[in-house]
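A closer look at the structure
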Amino acid sequence: MAYVTREHLDRLLERALLADDHSSLARQLDDLAETYSAGDVSRASILVLAAEEWRAAGQPARAMECFQRALEDGGEASIDPRAGIADTLFELERPDEAREMIEALRVASVSPATAHNVAETLVAYGDLQAGLEWATQAVLACDDDDPEHLALLRTRYRIRVDLGLPEDDLDALVS
C-alpha cells in the first residue's frame, strides 16, 4: 500500500514531463491509485491526473475509466471528475451525453477550476455562448484572491473577443 506525498507525485510528474511520455505517466499514476492507502494527495486526484495523461496519450477510453473511478472514489480532486468525463465524451463523439453531464454540473456547486474546465471544453467543441456563460458565472462566484480568478477573467475575455462582443466591466479587470 502506498502513502502518497505531494513531493512523490511532483517527482513522478517531473520525470514524465521531461521524458514526454504520457502513456508511461498514466500507467504509473494508475498503478499508484491502485496501491494507494493514504497521503497528502487523494486517490481521486491521482485518478484525475491519470485520466488527463491517458487523454494526452490519445487513449480517451482509458481516460474515461479513470475519471469514472475518481468520481466513484468521491475524494477531493483539482476538478470535479464529471467535467473530465464531459470533455472525454465530446472527444469520443458522444455530445448528447457530454451535455447531460454538463447539465448535472450546472445544478451542482462546482469549484472555479471545474467551471473553468467546463467553459474551455464548451469552447473547444464550438459552443462559445455556453462557454461564456460558464466563465462569467465562475468569475462572479470566484473570490478575487482565488488563483483561478485571473485565469477565468482571461478565458472570459478571449471568448468575448471571439464572439465579437464589446469590452465590459469584467473585461476591464484583465490586465
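Please refer to the structure higher up on the page.
Residues numbered from 1 in each chain as written. Predicted model: local features only at pLDDT ≥ 70, side-chain atom pairs only at ≥ 80, totals over all residues. Heavy atoms only, no water.

1. Side note on the packing of helix α2 (residues 22-35) against helix α3 (residues 43-56)
Heads up, the rule is: Angles here are taken between N-to-C directions and fall from 0 to 180 degrees, while the axes themselves are lines fitted to C-alpha atoms, restricted in helices to the stretch in contact. Each helix is a run of H or I in the DSSP string that is no shorter than four residues. Each strand is a run of E no shorter than two, and both are numbered from the N terminus. Orientation labels follow simple angle bins: below 35 degrees gives roughly parallel, above 145 gives roughly antiparallel, 65 to 115 gives roughly perpendicular, and whatever is left gives oblique. The handedness criterion is simple: a crossing whose near helix is rotated anticlockwise from the far helix by less than a right angle is left-handed, and one whose near helix is rotated clockwise is right-handed. We call two residues in contact whenever any of their non-hydrogen atoms come within 4.5 Å of each other.
Two elements in contact, α2 and α3, have axes whose closest approach is 8 Å; the angle formed by their N-to-C orientations is 160°. Overall, the two elements α2 and α3 adopt an arrangement that is roughly antiparallel. Viewed along their axes, α2 and α3 form a crossing whose handedness is left-handed. In this structure, α2 uses His-22, Ser-23, Leu-25, Ala-26, Arg-27, Leu-29, Asp-30, Leu-32, Ala-33 and Glu-34 to contact α3, whose residues at the interface are Arg-43, Ile-46, Leu-47, Leu-49, Ala-50, Glu-53, Trp-54 and Ala-56.

2. Side note on the nonpolar core
Note the cut-off: Nonpolar cores are built from buried Ala, Val, Leu, Ile, Met, Phe, Trp, Tyr and Cys residues. Side-chain atoms within 4.5 Å join them into one set. Type-normalised accessible area, obtained with a 1.4 Å probe on protein chains alone, sets the label of each residue: buried when under 20%, exposed when over 50%, and partly exposed for intermediate values.
Membership of the largest hydrophobic core comes to 51 residues, with the highest contact counts inside it found for Val-4, Leu-29, Leu-32, Ile-46, Ile-102, Val-118 and Trp-134. Once residues within four sequence positions are removed from consideration, Leu-29 is found in contact with Leu-9, Leu-12, Leu-13, Ile-46, Leu-49, Ala-50 and Glu-53.

3. Section: the packing of aromatic side chains
What counts here: Here a Phe, Tyr or Trp ring, Trp counted by its six-membered ring, pairs with any other such ring whose centre lies within 6.5 Å, and the pair is stacked when the planes are under 30 degrees apart, edge-to-face when over 60, and tilted otherwise.
Under the counting rule described, the total for this entry stands at one aromatic pair. Judged by centre distance (4.8 Å) and plane angle (10°), the rings of Phe-90 and Tyr-125 are stacked. Residue Phe-90 is located in helix α5 (residues 81-91), and its partner Tyr-125 is located in the loop between α7 (112-124) and α8 (128-141); the two are separated by 35 residues in the primary sequence. For Phe-90, a relative accessible area of 7% translates into the label buried.

4. Quick notes on the pattern of salt bridges
The criterion, for reference: Salt bridges are counted wherever a side-chain nitrogen of Lys or Arg sits within 4 Å of a carboxyl oxygen of Asp or Glu.
Considering all chains together, one arrives at 16 salt bridges under this definition. A salt bridge links Glu-65 to Arg-69, with the shortest nitrogen-to-oxygen separation between them at 3.7 Å. Linking Glu-65 with Arg-69, this pair stays in helix α4 (residues 60-73), spanning four residues, or about one helical turn. On the basis of relative accessible area, Glu-65 is assigned to the partly exposed category, the value being 45%. Because the salt bridges share partners, they merge into one network encompassing Asp-30, Glu-34, Glu-65 and Arg-69.

The values are spatial; any link to function lies outside them.
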